[in-house]
Every structure is written in C-alpha cells, then in structure tokens.
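Per-entry structural report
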Amino acid sequence: MESEPTAGVTVAEEVLDPESNSLEQPLLKRSPTLSSNPLALVGAKVSHIESLDYEINENDLFKHDWRSRSTVQVLQYIVLKWTLAFLVGLLTGVIASLINLAIENIAGMKLLVVTKFVEKEKYLTGFAYFAGANLALTAVAAVLCVVYAPTAAGPGIPEIKAYLNGVDTPNMFGASTLIVKIIGSIAAVSAGLDLGKEGPLVHIGSCIASLLGNGGTTEYRIKWKWLRYFNNDRDRRDLITCGSASGVCAAFRSPVGGVLFALEEVATWWRSALLWRTFFGTAVVVVVLRAFMEFCNSGNCGLFGKGGLILFDVSDVTVRYHAMDLLPVVVIGVIGGVLGSLYNYLLHKVLRLYNLINEKGRIHKLLLALAVSLFTSVCLYSLPFLARCYPCDPSLPAESCPTTGRTGNFKQFNCPPGYYNDLATLLHSTNDDAVRNIFSTSTPTEFHPLSLLIFFALYCILGLVTFGIAVPSGLFLPIILMGSAYGRLLGLAMSHYTNIDEGLYAVLGAASLMAGSMRMTVSLCVIFLELTNNLLLLPITMIVLLISKTVGDIFNPSIYEIILHLKGLPFLEAHAEPWMRNLSVGELAAAKPSVVTLHGVEKVAHLVEVLRNTTHNGFPVVDEGVVLPAGLPMGATELHGLVLRSHIIAVLRKKWFLPERRRTEEWEVREQFTSVDLAERGKKIEQVEVTEDEMEMYVDLHPFTNTTPYTVVESMSVAKAVVLFRMVGLRHLLIVPKYQAAGMSPVTGILTRQDLRGHNILAAFPHLAKSKRRDKGR
C-alpha cells in the first residue's frame, strides 16, 4: 500500500456540532497525521501490501501502442480472451473432477474398513484405524500448508475479494499455492474434518486463471508475443473473476449461480463483456463435470458412484404449500439470520485465538490442526453409539435398508440385521453424502429429533474449531450441514401442520444459515434452484434468504467481511460511511505530508533521492512556465499528469538519460521503450546502480506520464471520493485546488486506498467518531 511518512500539520479549530459543519470550514481538531499500515495477513503469512494499477495508464507509449495495432492484432486480443476463459473453465472442471474422485475413494475406503471393524465388534481397533487415518491425512494437508504454501490455508475467498477490490495479495495465486491447495483439499476433506472443498475450489479456479494470464509462474514464464496483451492488472483481474465463478460452478454444478456469486460476492468491477466470458467459462465447467459423471456412472471411478458433488434433484417431487406454510418459512429465515450472526460472532473470537496460537510458529500450527483432527475423530466415531437402533420400514427394498458400508440413507453400523443407526448414517459418510442424506425427501421417519439435535450441536462445535487451522478449508459445507439439521428439526416439529417435505425444510434451513452468515441472496437463490432443479421452490427460497440476510445485518457484518478485517486487508466497501460527508478531501489531504511533485524533465540525482526517501507509488508531474495560446497570461503552471514509481525505475534501469535538460521527440522514446517494458512490476530502486556522472544527467518523464489521471476538486466530500475510488478501481486520486492563482501548485494532494479507510480517518479526526455514533443511533 502507498504508505506515508509522518509529518506535523496545523491544528484546526474545534467545531461543537460536526453535523452542522460546512465543507468550506475547517472541520475538527485532528491528530498529527493520517496514518496507514501497509502490513496484512495474506493466507496465513504477514505480507507487505500494495495496491493494483487497474486504471488505464494513458501515456504516450500506450497511445502509440493502441494506434499502431492492426485489425488482426485487435481480433487476436479478443480471441485470446475467450480462449483463456475456455481454458480456465476446462482446467477447473478437470481438477474439480479429480478432487471429487480422490476424496470419494480415499474417504470411502477408510469408512469401509471402519465399518468392517465395527461389524466384528472390534471397536477399539476401529477407532485406532479411524483416528490414525484422519491424523495422517490432516498431517499431510497441514505440513504442506505450513511449510510450502502458507497462502493455501483457509478458503482463499477473502483474499480473492481483496484482489478484485484492488489489493495486491502476494503469492496468493502461485503454482505452489495451487498444488498445495489441490492436495491439501483432498487430504483435509478425506480426513473427515468439518470443512468443504467449495471455498478451495474458488481459489483453485482463480489460481489457474492467474497462471494462464501470466504465462506461468514468476520464475518460469512463457514469454510469447501474444501474451504481452495480458501483462497488466486489468486483464488479470477479469481472468481471476472468471476463475472464481468457475470454481463455484465446479463445487455446486451451478453455472448461473457461479456467475452471480462472482458478481454479488467477490467482484468489485463488472461489465457486460466480462459477464459473457464468465458465463462461457462456467458453461465449459458444467460440460466437463457432466462428461465426468457420465463416465463414472459406468463404474469406472471406484467408490465415486453418485458422490462427490452436492446434488439434490427433487424435480420429481411435487412441492405444495399454502398460506399457512409461510409461517414456518418465515421462522426458518429468522432463525437462520440469528444463528448466522451468532456463528459469525463466535468464529471471530475463535479466529483471534487461533491467530495467537499460530503466531508461535510452525509446530504450534501443526499441533493445532492435529488436535482438531483427533477431537473430530473421537466425536464422529463415538457419538453414533449413543443413538438407538431403529427397525427398517418393511415397505423399503431389502437392499436399501440397512446398508453396510455402502452409500445410503439407512446404515446398519452397530445395529442387528434389519435395523439401522440414523446418526451413523450422517456421521459415517463423506461430507457430500451426509448432505445428500439429510436433504433426502420422502423419508419422514428416517431421522429422529435427538439424533438431529446431536448432529446439529456437533457440527456447530466442529464448524467453529475447524475453520482457521492450517489446512485448505471452506465455509460452505459446515454451514450447509448445520442449517440443514435445524431445518429438518423444524420440519419434524411442523410435520402435522404443513405440506412441505422435511427434506425441503432441510434445504431451506441450509439456505437460511448461509444467507445469515455470508449475507448472499441472489447467487444463493440460484445455486439452490439449480441444485434442486425445481422452480416451485423459488418463492419460498427467496423469502427465506431475504429474511435471513436482513436479520443477520442487524447484528454484525458477513463472515467474509469479518475475516478481511481480521487479516487487515484494506478492502473498500461499496458504500461510504454517512459521517464521511462531513469531511472534504482537501481537509483529508491537509492531514498528510505535502505532496511530492516532479518536473517534466527531472535530474537523475533528484529522482533517485525521491525514490529512496519515499514509499509513494505515484508522483504528480508539474511543468512550470508553460507557454499558453495567445491572449492568455504567460508563465502558467501545468499538471501534466501522474508518473508511476515502477515506470521511473524502468527508465533508470535502462539508463535512458539525457546530457542536457530538454524534452524528447516521440521517435526517441519508441526506439528504446514499448508499453510492454513498462508493464513489469516488482523491481526496487535498491536494484538500480547509477554512477556519479549519470546522477548529473536528466530524464524526460513526459512520455511515461499518465496524462489523464482521475482528479477531484478539494471541496468534494470524502464520501463521494470513496465511491469514485472504488467504482473505477483507482490506486491514486489527485486533488486539485478550487481556486487557481499565480504561483499556486496545480495539485494540492494525492489520496490512496489507506487514506480513505474509515478507521484511519477516525484516527486523524477523532471527533468524527461522535458523528459516527450519532448516525448509528438513528
């Protein structure tokens, strides 16, 4: 992030009533400086954070590059975008299929062996095998995350949200992160931990998109000429948006839901062309998944069968409900909002505790993951012994009840022949099978209240203690399991008063808890609609989601917003705080050190000094004594534009120096530089060697200066500036004076992402907190 050095400022007069203050007046007494913190937790590693350059840099080289592109090159650029979107969808679908195949076979074989030990009444041996296998799988996932790719831990969705918001998240989309995410997801989910592969699949899709756009890793890149078009942050952002949508589609087999998830939850920037490419990518994912499932239906995938994807097809179920049925639907929505906000609150406390433990080192991270795995194994193995055995319904086929080891709704476990254990049906299944079982329709007497209550309480506890350990993990599945449990419980209680099937109650419960925790509505509605394949569920699903989100918003933010805050990622929200209307950008700039400006033709020594003594990533370029058209006063000062630090470093590294102070011609610059040369990032001034003779030479900054930077008048409110900054995806926002006079600088300040964050502004203007509390009280 664009960090600022400290400097003193004058103290403004205190205004008694900040609500009545005009933007023309000095607002409040402020602290010495507007502070910023460029450090944040990316994945599980503290990193230095910078912003991304999503703005089009319209300098002379860029303009020439676009003017010189032929029709064939423009067509090549468009075709390449669609080709990469196709490859993102194809690879995401293939990898998701392989992950599902591996999880179902590894977890299925483990459960089959455990079932055999239980049938032979070798309970201790069965537990030793069950716990040992889970510990070994958890150790594989944790060691890979702790040692090789700390950014692979967790779901990755908060970091993706931050990246698409304009925050550079280092090492988040590398090849090592992708490999560890794939292997770690397989191991962690197979270990029976209360986590899902849905969040990691979103991260996996984003990693694939980033690597394709970059042509590979930083060390090993394909530098084909046609890939140079994607060597910029804007196109990488679009590709990663496609990747995140493809990941959701791969998790739920929901193409439209994946597109809407990217639009509603992760993306900050959106346009119609991106909508089409994202939809194309998810369509490719669905085709791959369908082909994979058709292949596996012939028995070629071992224990995969119908597992591996959360499917709940109730297209053949007639959904009937009346006006009286809306009351329990509303109750489900309210409960989902309350429980979702409570889950967010408790998970926030647990994550803060885990951060303290993880800070102690790698061993502590590994031991924490293994402890959670052991606790999970004890609960999953022992709790089914507390449940009663129930006789099978005589109307059911003999091969479906009970089932021994195979996928099914009536697992025998420790029961005699002809009886089944309903709690073992839920706990001794793969995660996706557990969802499928609890969602099952036309099974009104299968699960009993006590078993559902135990299942709900257990997954509430496991959901809190599992998320945050050093393994790839997702929040979707734990929340679905918790929500479906209380939904089915309510369905049991209302069975005599409603026409809605208990399995549909479970679906509504899962949807309500997800909306209450994640605060998504449109994308969740479509995802559940595509899962159920029944349009009749649409009205009541919409009601549940709207109520749950509304109730949850009363108490706290969404779970992803909480995680972003915990990690310290400088995410800019869609709406500015109301109290920001009481502050102008001019007053905000006055709380910062004076802006550092450069001349159009600058001495090399001065450039090196500025780069070494500041951490700014952009510098206004100002020309003095500009000759204006006839009839206007002479000696005007011109704001030529904004030049980036990376572009200055590129010039210094190439040693494009002039012996005298003069402006260069266009052909001189084009002989030495292309727009591709300016796209390279990551170089530091410490890596540049300049001799004493070169220090006395000059650099013409005009060809590298963005002549069309976004500017605002100093009287604009901060609230309006925040909305502009976020919507356009800026890194720098120049402030120009309201009044122009001879000798005045044409730029009064420059604002960056950290300057527009609420807590930083309140630290510099503490009395604004009074206005903030007043707004909340209304």
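A brief look at the structure comes next. (Residues numbered from 1 in each chain as written. Predicted model: local features only at pLDDT ≥ 70, side-chain atom pairs only at ≥ 80, totals over all residues. Heavy atoms only, no water.)

Focus: the sheet that holds strand S14 (residues 749-751)
Rule in force here: For two strands to count as paired, DSSP must find a minimum of two bridges between them. Secondary structure elements follow DSSP: runs of H or I no shorter than four residues count as helices, runs of E no shorter than two count as strands, and numbering proceeds from the N terminus. For helices, the fitted axis covers only the stretch in contact; all axes are lines through C-alpha atoms, and the angles between them, taken along N-to-C directions, range from 0 to 180 degrees.
Taken in spatial order, the 3 strands line up as S12-S13-S14 in an open sheet, and their pairing is mixed. Only two strands of the sheet have a single neighbouring strand rather than two, namely strand S12 (711-713) and S14. For this sheet, the mean angle separating the axes of adjacent strands, direction not counted, is 35°. Both S12 and strand S13 (residues 733-736) contribute to a ladder of 3 bridges, which runs parallel. Considered in S13, the bridge of Val 712 is made with Ile 735.

A word on the nonpolar core
Where we set the bar: Side-chain atoms within 4.5 Å are what join buried Ala, Val, Leu, Ile, Met, Phe, Trp, Tyr and Cys residues into a set we call a nonpolar core. Using a 1.4 Å probe on the protein chains alone, a residue whose accessible area is under 20% of its type maximum counts as buried, one over 50% counts as exposed, and one in between counts as partly exposed. Pairs of residues are marked as contacts when any of their non-hydrogen atoms sit within 4.5 Å.
If you look at the biggest cluster of nonpolar residues, it comprises 125 residues, and the most contacted ones within it are Phe 455, Leu 475, Phe 476 and Met 518. For this core, the element with the highest residue contribution is helix H16 (residues 502-518), accounting for 11 residues. With near-sequence residues (within four places) excluded, Phe 455 lies in contact with Leu 423, Leu 426, Leu 427, Ile 438, Leu 481 and Ala 485. Within the second largest apolar cluster, 27 residues are counted, among which are Leu 607, Ile 649, Leu 652 and Val 699.

Thoughts on the packing of helix H11 (residues 362-382) against helix H14 (residues 449-466)
For clarity, the cut-off: What sets the label is the angle itself: under 35 degrees gives roughly parallel, over 145 gives roughly antiparallel, 65 to 115 gives roughly perpendicular, and the rest give oblique. Put simply, Ala, Val, Leu, Ile, Met, Phe, Trp, Tyr, Cys and Pro go in the nonpolar bin, Asp, Glu, Lys and Arg in the charged bin, and everything else, Gly too, in the polar bin.
For the pair H11 and H14, the least separation of the axes is 11 Å and the interaxial angle reads 170°. In terms of orientation, H11 and H14 fall into the roughly antiparallel class. The residues of H14 that touch H11, namely those facing Val 372, Phe 375, Thr 376, Cys 379 and Leu 380, are Leu 458, Tyr 459, Ile 461, Leu 462, Val 465 and Thr 466. In the contact of H11 with H14, the residues fall into 9 nonpolar, 2 polar and no charged.

Quick notes on the packing of aromatic side chains
The condition is simple: What counts as a ring pair is set by centres within 6.5 Å for rings of Phe, Tyr and Trp (its six-membered ring), and what kind of pair is set by the plane angle: stacked under 30 degrees, edge-to-face over 60, tilted for all other angles. Sitting over a ring, as applied to charges here, requires NZ of Lys or CZ of Arg to be within 6 Å of the ring centre and within 35 degrees of the ring normal.
For the structure on display, the rule yields 17 aromatic pairs. Grouped by ring-pair contacts, the aromatic residues Tyr 123, Phe 127, Phe 130, Tyr 381, Phe 385 and Phe 413 constitute a single cluster. The ring of Tyr 54 has Arg 237 sitting right over it, with the charged end atom 4.3 Å from the ring centre.

Things to note about the pattern of salt bridges
How we decide: Take a side-chain nitrogen of Lys or Arg and a carboxyl oxygen of Asp or Glu: if they are within 4 Å of each other, that pair is a salt bridge.
Taken as a whole and assessed by the stated rule, the structure comprises 21 salt bridges. The partner of Asp 432 in a salt bridge is Lys 197, with the nearest N and O atoms 2.7 Å apart. With Asp 432 in helix H13 (residues 431-438) and Lys 197 in the loop between helix H5 (175-190) and helix H6 (198-214), this residue pair connects regions lying 235 residues apart in the sequence. On the basis of relative accessibility, which here comes to 4%, the residue Asp 432 falls in the buried class. In this structure, the salt-bridge partner of Asp 553 is Lys 549, at a minimum N-O distance of 2.7 Å. A residue pair is termed a helical-turn pair when its members lie 3 or 4 positions apart in one helix, as Asp 553 and Lys 549 do in helix H18 (residues 538-555) at 4 residues. Lys 549 gets classed as partly exposed once you look at its relative accessible area, which sits at 26%. Taken together, the shared-partner salt bridges connect Arg 237, Asp 238, Arg 271 and Arg 277 into one network.

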